[in-house]
Amino acid sequence: MLDLDVIDAPAAAALALEPIKARLLAELAAPASAAALAVRVGLTRQKVNYHLRALEEHKLIEPAEERRWGGLTERLMVATATSYVVSPAALGPIAADPGRSNDRLSASYLVALAARMVREVGGLLRCARAQDKRLATLSIDTVINFRSPAERAAFTADLAQAVSTLAARYHDESAPGARPHRLIIASYPAPRDDGAANGDPNDTNS
């Protein structure tokens, strides 16, 4: 079982977003039979089998083992990943694209960047897994409490200058066999524990 998988096929995304199938995926974090699942989710075994066939067809679940009871064979199924992310690629031409925005300080541009990151890294991760290789990534995640909007603006300018300097130092357009890497450094108000779930307006104050 993968720790995380990125869903980019529209049909698979639609299945994973259906409430009943999403519940079955969550229940299949550990192997279970259709009969056991039917008891847990309150459906008939026949209906559970219907949902399981659809999930298996789109590679969201897979057989874990088989048990024989007399003349019957019972299959135990398990989810292919602990958790899933739906890639914007599943939305096709209506997916978010940072290239459509000119305002690089807007929240919508940040969301579009994050969407592109999921789409690109998801595709790269799939290829790396197919080749049994590890995908080289770098993530920087921290929280900064700015004393004022002016200091936030100054930090932005300093950060931009530092990144530009580092990029110029290590970037070599002419290096043979060079592997381009996209660098994104994002900053946004850190949600408060008491307001994050409800979208506390204080989280977006300047």
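Everything that follows concerns the structure shown earlier in this document.
Within any chain, residue numbers begin from 1 and follow the written order of that chain's sequence. Side-chain atom pairs in this predicted model are given and counted only at pLDDT of 80 or more, local residue features only at pLDDT of at least 70, and totals for whole chains, interfaces and linings cover all residues. With hydrogens and water excluded, all non-hydrogen atoms of the structure serve as input to the side-chain values.

## Section: the overall build of the chain
Secondary structure elements follow DSSP: runs of H or I of four or more residues count as helices, runs of E of two or more count as strands, with numbering from the N terminus. What the chain contains, in helices and strands, is 6 helices and 5 strands. Overall, the chain shows an N-to-C arrangement of helices and strands of β-α-α-β-α-α-β-β-β-α-α. Note that the radius of gyration is over C-alpha atoms, with the globule rule given as 2.2 Å times the number of residues to the power 0.38. A compact globule built from 206 residues would reach a C-alpha radius of gyration of about 17 Å, whereas the chain, at 23 Å, exceeds it by more than 25%. Dimensions of the chain, computed from the C-alpha atoms along their principal axes, are close to 75 × 50 × 30 Å.

## Section: the sheet that holds strand 2 (residues 32-33)
Strand pairing in a sheet takes place through backbone hydrogen bonds and is either antiparallel or parallel in direction. At least two bridges found by DSSP between two strands are what make those strands a pair. Judged by pairing direction, the sheet is antiparallel, and its 3 strands sit side by side in the order 2-4-3 without closing on themselves. The sheet terminates laterally at strand 2 and strand 3 (61-69), the two strands that pair on one side only. Here strand 3 runs beside strand 4 (residues 72-79); their pairing, made up of 8 bridges, is antiparallel. When the bridges of strand 4 are listed, Glu65 appears paired with Leu76.

## Brief notes about unusual backbone geometry
Residues other than glycine seldom take positive phi values, yet Lys59 does so here, at roughly 60 degrees. Looking at the element boundaries, Lys59 is found in the loop between helix 4 (45-57) and strand 3. Positioned with a positive phi, Asp132 is a non-glycine residue whose angle comes to about 55 degrees. Think of it in three bands: residues with accessible area under 20% of the maximum for their type are buried, residues over 50% are exposed, and the middle band is partly exposed, with areas taken using a 1.4 Å probe on protein chains only. Given a relative accessible area of 72%, Asp132 falls into the exposed group.

## Concerning helix 1 (residues 10-17)
Buried residues of helix 1: Ala12, Ala13, Leu15 and Ala16, and no others. Within helix 1, the buried residues cover an arc of 160 degrees as seen down the axis, which keeps them to one side. Opposite its buried face, helix 1 presents the exposed residues Pro10 and Leu17, each directed more than 90 degrees away. When checking whether two residues touch, look at their non-hydrogen atoms; a contact exists if any pair is within 4.5 Å. Looking at the packing, one finds that the buried side of helix 1 touches strand 1 (2-7), helix 2 (19-27), helix 4 and strand 5 (81-86). Our arc is simply the arc of the directions from the helix axis toward the C-beta atoms.

## Notes on the pattern of salt bridges
Any Lys or Arg side-chain nitrogen found within 4 Å of a carboxyl oxygen on Asp or Glu counts as a salt bridge. If you walk through the whole model with that rule in mind, you get 10 salt bridges. For Glu27, the salt bridge identified is with Arg40, shortest N-O distance 3.2 Å. Here Glu27, found in helix 2, pairs with Arg40, found in helix 3 (residues 34-41); they are 13 residues apart in sequence, far enough to count as distant. For Arg40, a relative accessible area of 39% translates into the label partly exposed. The residue Arg67 makes a salt bridge to Glu65 at a minimum N-O spacing of 3.8 Å. With a relative accessible area of 36%, Arg67 lands in the partly exposed category. One salt-bridge network, held together by shared partners, links Asp3, Asp5 and Arg129.

## Here's the deal with the packing of helix 2 against helix 3
Orientation of helix 2 relative to helix 3, taken along the N-to-C sense of each, is 120 degrees, at an axis distance of 11 Å. With respect to helix 3, the axis of helix 2 lies oblique. Once helix 2 is placed against helix 3, the crossing between them reads as right-handed. Judged by residue contacts, Arg23, Leu24 and Glu27 of helix 2 engage Leu37, Arg40 and Val41 from helix 3. Each residue gets one label: Ala, Val, Leu, Ile, Met, Phe, Trp, Tyr, Cys and Pro are nonpolar, Asp, Glu, Lys and Arg are charged, and the others, such as Gly, are polar. In the contact of helix 2 with helix 3, the residues fall into 3 nonpolar, no polar and 3 charged. Interaxial angles span 0 to 180 degrees and are taken between N-to-C directions of axes, which are lines fitted to C-alpha atoms, for helices over the stretch in contact. Working rule for angles: under 35 degrees goes down as roughly parallel, over 145 as roughly antiparallel, 65 to 115 as roughly perpendicular, anything else as oblique. Note: crossing handedness is left-handed where the near helix turns anticlockwise from the far helix by less than a right angle, and right-handed where it turns clockwise.

## Observations concerning the nonpolar core
By convention a nonpolar core is built from buried Ala, Val, Leu, Ile, Met, Phe, Trp, Tyr and Cys residues, the set being connected through side-chain atoms within 4.5 Å. Leu28 and Leu52 are the most contacted members of the largest nonpolar core, which has 22 residues in total. Going through the elements one at a time, helix 1, helix 2, helix 3, helix 4 and strand 4 are the ones with two or more residues in this core.

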